Amino acid sequence: MLSHELFHTLHQLSRHLTNKLNEALKPLGLYSAQWAVIFVLKKSGSLTQKELCDYLFVEAPPMTRTIQRLVKQGYVRQVPGKDKREKHVQLTEEALKQYPEWESVVNEVNQGLLKEFPAASQEDLSKLQKSWLQQLL
């Protein structure tokens, strides 16, 4: 059954890529889930926890834990919104200062993982992933 093998391989690949990124980020005191939040906040600015959950396809409880860890580390802050129940999450100055180093490590890992993968295949894979993701959204 091709579909079973496809999804099994995707899951294995996803776990492997996450583990590689975690190994590289660990000396910097971060994990891939934290990096994902930091990356999205850098790209998008201030977002609510719900918006982060929706964008990253993460349930609220693990997102709450991730945000709490980032607050404790001094990398994000929560700012009350118009609605008192709503808090906006944003990067701190410390996170913005550290961001180039984190991004460099992530880019290095990504380049290492792609070094044997032909550029044309990378482009094709990127197009397929984006198209598939848009169909699911």
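Numbers given to residues run from 1 along each chain, matching the order in which its sequence is written. It should be noted that, the model being predicted, local features are given only for residues of pLDDT at least 70 and side-chain atom pairs only at 80 or more, the latter also being counted only at that level, while totals for whole chains, interfaces and linings use all residues. Only heavy atoms go into the side-chain values, all of them from the structure, while hydrogens and water stay out.

Undergrad: Just to check I follow, could you spell out the layout of surface pockets for this structure?
TA: Empty pockets left among the atoms are what a rolling probe the size of a water molecule brings to light. The space that makes up the largest pocket amounts to roughly 2,500 Å³. For each structure, a 1 Å grid was placed over the protein atoms alone; sets of points admitting a 1.4 Å probe that cannot get out are labelled cavities, open sets with protein on both sides within 12 Å along at least five of seven lines are labelled pockets, and lining residues have an atom within 4 Å of a point. Surrounding the largest pocket, 42 residues form its lining, S14, L17, N110, Q129 and L133 being those nearest its centre. Numbered from the N terminus, helices here are DSSP runs of H or I no shorter than four residues, and strands are runs of E no shorter than two. For the lining of the largest pocket, the secondary structure elements donating two or more residues are α1 (2-25), α2 (32-44), α3 (49-56), α4 (60-73), α5 (93-114) and α6 (119-136). Ranked by residues supplied to the lining of the largest pocket, first place goes to α6 with eleven residues. Polarity classes work like this: nonpolar for Ala, Val, Leu, Ile, Met, Phe, Trp, Tyr, Cys and Pro, charged for Asp, Glu, Lys and Arg, and polar for all others, with Gly in that last group. For the lining of the largest pocket, the class distribution of residues is 28 nonpolar, twelve polar and two charged. Grid points are joined across faces, edges and corners, and a volume is the space filled by probe spheres set on the points.

Undergrad: In this structure, what is going on with the sheet that holds strand β2 (residues 76-80)? I would like to understand it.
TA: When DSSP finds at least two bridges between two strands, those strands are taken to pair. As summarised here, the arrangement of the three strands in space is β1-β3-β2, forming an open sheet in which the pairing is antiparallel. Every interior strand has two partners, whereas the edge strands, β1 (47-48) and β2, have only one. Taken together, the two bridges between β1 and strand β3 (residues 87-91) define a ladder with antiparallel strand orientation. Each residue of the ladder has a partner; that of T48, found in β3, is H88. Contacts are assigned to residue pairs with any non-hydrogen atoms lying within 4.5 Å of each other. With axes taken as lines fitted to C-alpha atoms, and helix axes fitted only over the stretch in contact, angles between N-to-C directions fall between 0 and 180 degrees. Helix-sheet contacts for α2 involve β1, β2 and β3, and the interaxial angle to β3 is about 95°.

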